[in-house]
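Remarks on the overall topology
Residues per chain, in single letters:
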Number of protein chains: 2
Amino acid sequence: MKFKLEARDNSARAGTLELNNNIILTPIFMPVGTQACIKGLDFNDLANIGAKIILANTYHLYLRPNDNVIKNMNGLHNFSGFKGSFLTDSGGFQAFSLGGKPNEDGISFKSHIDGSKHFFTPQKVLDIQYNLNSDIMMVLDDLVSLPNTRERIVESINRTTKWARESLIYHTNNKENHKNNNIFAIIQGGVDSEAREISAKSLVNLNHNGNSFDGFAIGGLAVGEEKNAMYDTIEFTTKFMPESKPRYLMGVGTPEDLIEGIYRGIDMFDCVMPTRNARNGTIFTSFGRLSIKNASLREDSAPLDSNCSCYTCKNFSRSYLNHLFRSNEITYMRLSSIHNLHYYLELVRGAREAIMQRKFESFRKEFYKKIS
Amino acid sequence: MKFKLEARDNSARAGTLELNNNIILTPIFMPVGTQACIKGLDFNDLANIGAKIILANTYHLYLRPNDNVIKNMNGLHNFSGFKGSFLTDSGGFQAFSLGGKPNEDGISFKSHIDGSKHFFTPQKVLDIQYNLNSDIMMVLDDLVSLPNTRERIVESINRTTKWARESLIYHTNNKENHKNNNIFAIIQGGVDSEAREISAKSLVNLNHNGNSFDGFAIGGLAVGEEKNAMYDTIEFTTKFMPESKPRYLMGVGTPEDLIEGIYRGIDMFDCVMPTRNARNGTIFTSFGRLSIKNASLREDSAPLDSNCSCYTCKNFSRSYLNHLFRSNEITYMRLSSIHNLHYYLELVRGAREAIMQRKFESFRKEFYKKIS
């Protein structure tokens, strides 16, 4: 993996991430395909909206179809047909959100499918991600809900660092056979600036036989804290993240969150929001959010967004999409998801362009003006 | 509308149906898009599988979004983006299957959406279909479940003829403004050969100011009767249907039913089976049915059908589709529906080719040999 910083505009960054012959321009948004599939879409839809990297979930794919199945099908790319890159999370977030129990060695959890018992260790989640042939593997981390006690937050960052160290050692020892599988660590610490600093510094300083992490993520945000606390946490955490490596803000967020994250130096984002909101009837447009349920759209022959060049806007009216939504047609889910993902990818493309021209501040102002 | 019989092979027919500059080769299968949308697909998917004519439901579109909405959006073609032809049913079947009450003047029913009360007359369903701008409109008919009493069957065919006469008069009087909206009558009579004969003859003989129906359908089959009774009914009903006009078997059926219908002189079919079965996990292939749930497909890198040239078979493995089905991904529904519809359309294309070469009998034998 090669990461090159092309431009800076105050804290905002534009870069180039080269992953196994796939060039990804940052800042980038990664659509979420939990089960190796973006809901409603296939790899051609992704190519058409210009998605170069997507996220898949280690926890879900381990349980079904199982990582050995995907290994035998030559990895996620061949399995799904998606020729871009895959980032896979570690399962830490699912363990957190689906009731898993962490201890010093790993996380025990029950399958949400059949109730069977499983135990994830830092090494095990890497083995799974080797089987998936992820381009970017995330280490197992221990995250906490917010607000939480200082004690629990300290335990979380210590455990996350311990697991990250074990992950780095394990990956260093296995690197020969897994040269194309890059590894990112995850900074924890809630919205506590001191804990974030400790977590970031200790992960950034980890080194085993000359090997360190390929990138760093900020985890444990968008889990119940105030928006401003999230933005502040991003701001004081990025200070301790190396300039030369990609910075990934996990599970975030709204279009506004992307703008604010980029403004504070984030390079990579993922979130279910564009696809989930599409399915639930919320459309993102250049002039703000549009509810597809709105009765005023029933006979509206305009596209969702007249400024949009996506497949859906080029071919379908608000009237037809309003009807498909009200009729619970799955075709609506595909078409609206294509639009919302295209919107997110256009947003980060626009942000990158602005950073390259050192005009991100006016881009950000214009963005808020248009959607207000 | 122009219908030209190109070839006959015993009772099987190959024809050309010209509808508002759209050329449809018969025998043809029409995918069902109840709500002006084939579940999971859009008009480009339909173009890619070669669908030239699809079915939409008068009852459903009248209730939602309402035919006036579609009229204001310039009809079904513009509303949905589908550039082929639309056949719309009359609502008679929905009235039958959703508990409507027929009397001499029409059918009263309650909306399945909000319980509101409605009344369909022969004239009203044509007005709705004018608003939809259907290429082929079906007249309101009174169909019966099977088995049923002789008395109810006689009532059904008499009422169906009365309504057909009213429909023909109404359409003749409105024809000037609706030149592109063709009209088909529906033969009823259960599996009673005498009733079918009476129904067919009286509808075929209807004439108002020199106008007769553009085509004839066999309705009221595949509603609980034995397969052989259905095939026999098709056989003795087609005898009384004019050679020079298209013959449409409504709501039928399996691939075997299509072969048997074509064998007995049917030109047009529609059925939810290819799409509904796809969604439920049954895949039609050149070697018979395949259950996508089958555990043996988990690591099967082959396409659904190696003989198939559809989008799904060219791009996706059984392994991935098995996983998407098990994960309840809507992408599976689209991909499997594309395959099954492509299979149905290839089947009728193959049948037509065989009829043109006067080899339908061997085509039929080969079909059964392959799937057994």
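Basis of the calculations
Residues numbered from 1 in each chain as written. Chains lettered and ligands numbered in written order. Predicted model: local features only at pLDDT ≥ 70, side-chain atom pairs only at ≥ 80, totals over all residues. Helix = DSSP H or I, 4+ residues; strand = E, 2+ residues; numbered from the N terminus. Buried ≥ 20, exposed ≤ 12 C-beta atoms within 10 Å, placed from the backbone. Contact = placed C-beta atoms within 7 Å. Axes fitted to C-alpha atoms, helices over the stretch in contact; angles between N-to-C directions. Parallel < 35°, antiparallel > 145°, perpendicular 65-115°, else oblique. Left-handed = near helix turned anticlockwise from the far one by under 90°. Nonpolar A, V, L, I, M, F, W, Y, C, P; charged D, E, K, R; others polar. Domains from an automatic or database assignment. Pairing = 2+ DSSP bridges. Least-squares fit on C-alpha atoms with pLDDT ≥ 70 in both.

Turning our eyes to something else, we now look at the overall build of chain A. Within chain A one finds 15 helices and 16 strands. Its C-alpha atoms give chain A principal-axis dimensions of roughly 60 × 45 × 40 Å. Scored against the burial criterion, the 372 residues of chain A give a buried share of 55%. Across chain A, contacts joining residues at least 24 apart in sequence account for 68% of those joining residues at least 6 apart.

Okay, the packing of helix α13 (residues 318-326) of chain A against helix α14 (residues 330-356) of chain A next. Residue and element names in this part refer to chain A. It is the contact of α13 with α14, at a shortest axis distance of 8 Å, that shows an interaxial angle of 130°. Here α13 is positioned oblique relative to α14, judged by the angle of their axes. Regarding α13 and α14, the two cross each other, and that crossing is left-handed. Note on element contacts: α14 touches α13 through Thr-331, Tyr-332, Leu-335 and Ser-336, opposite Leu-321, Leu-324 and Phe-325. A per-class count over the contact of α13 with α14 returns five nonpolar, two polar and no charged.

Turning our eyes to something else, we now look at the domain arrangement of chain A. Residue and element names in this part refer to chain A. Here the domain parsing of chain A yields domain 1 (2-271) and domain 2 (280-372). Computed from C-alpha atoms alone, the centre-to-centre distance between domain 1 and domain 2 is 27 Å. Taken together, the contact pairs 25 residues of domain 1 with 22 residues of domain 2. Going through the elements one at a time, β1 (2-9), β2 (12-19), β4 (28-31), α1 (43-49) and α10 (255-263) are the ones with two or more residues in the side of domain 1 that touches domain 2. For the side of domain 1 that touches domain 2, the element with the most residues is α10, which contributes five residues.

Take the pairing of strand β3 (residues 22-26) of chain A next. Residues and elements named next belong to chain A. Inspection of the sheet shows β2 paired to β3 by five bridges, in the antiparallel sense. Residue pairing across strands places Leu-19 opposite Asn-22, the latter belonging to β3. Two successive antiparallel strands, β2 and β3, enclose a turn made up of two residues, where Asn-20 displays a positive phi of approximately 45°.

Time to look at the sheet that holds β3(A). Residues and elements named next belong to chain A. Read across the sheet, three strands follow the order β1-β2-β3 without closing on themselves; strand pairing throughout is antiparallel. What marks the edges here is a single partner per strand, and that holds for β1 and β3. Sheet twist, expressed as the mean angle between neighbouring strand axes with direction ignored, is 15°.

Right, let's get into the relation of the copies chain B and chain A. The two copies are related by a screw operation: chain B maps onto chain A through 180° of rotation and 0.0 Å of translation along the axis, at an RMSD of 0.0 Å. What the superposition gives is, in effect, a two-fold axis relating one chain to the other. It is Ile330(B) whose C-alpha, among those of chain B, lies nearest the rotation axis, at 3.5 Å.

What follows is about the environment of Ala278(A). Residues and elements named next belong to chain A. Along the chain, the position of Ala-278 falls in helix α11 (residues 273-280). On the neighbour-count criterion, Ala-278 (27 C-beta atoms within 10 Å) is buried. Placed 47 residues apart in sequence, Ala-278 and Phe-325 show a C-alpha to C-alpha distance of 9.9 Å. Ala-278 has contacts with Ile-283, Met-333, Ser-336, Ser-337, His-339 and Asn-340, leaving out every residue within four places of it along the chain.

What follows covers the environment of Phe216(B). For Phe216(B), the location among the structural elements is in strand β12 (residues 215-218). As a C-alpha pair, Phe216(B) and Glu155(B) span 61 residues in sequence and 20 Å in three-dimensional space.

Before going further, it helps to spend a moment on the interface of chain B and chain A. With 32 residues of chain B at the interface, the matching set in chain A holds 32 residues. Listed by contribution, the elements that provide at least two residues to the side of chain B that touches chain A are α3 (67-72), α4 (75-80), α13 (318-326) and α14 (330-356) of chain B. For the side of chain B that touches chain A, the per-class residue count stands at 12 nonpolar, 12 polar and eight charged.

A few words now on the sheet that holds strand β8 (residues 107-110) of chain A. Residues and elements named next belong to chain A. Taking strand neighbours across the sheet as the criterion, the three strands line up as β7-β8-β9 in an open arrangement whose pairing is antiparallel. Strands with a single pairing partner mark the edges of an open sheet, and in this sheet they are β7 (101-102) and β9 (117-120). As paired elements, β7 and β8 share two bridges and run antiparallel to each other. Paired with Lys-101 across the strands is Ser-108, a residue of β8.

With that settled, consider helix α6 (residues 122-132) of chain B. Within α6(B), burial applies to Pro122(B), Val125(B), Leu126(B), Ile128(B), Gln129(B), Asn131(B) and Leu132(B). Looking one or two residues past α6(B), Asn133(B) carries a phi angle of roughly 60°, positive in sign.

Let us look at unusual backbone geometry. For the peptide bond that leads from Thr26(B) to Pro27(B), omega is 5°, which places it in the cis range. Inspection of the secondary structure puts Pro27(B) in the loop between β3 (22-26) and β4 (28-31). Look at the link from Arg64(B) to Pro65(B): it is a cis peptide, with omega at 10°. With respect to the secondary-structure elements, Pro65(B) resides in the loop between α2 (58-63) and α3. With a phi angle near 65°, Ala36(A) is a residue other than glycine that sits in the positive phi range. Mapped onto the elements, Ala36(A) comes out in the loop between β4 and α1. The phi dihedral of Asn66(A) falls on the positive side, at around 100°, and the residue is not glycine. In this structure, Asn66(A) sits in the loop between α2 (58-63) and α3 (67-72).

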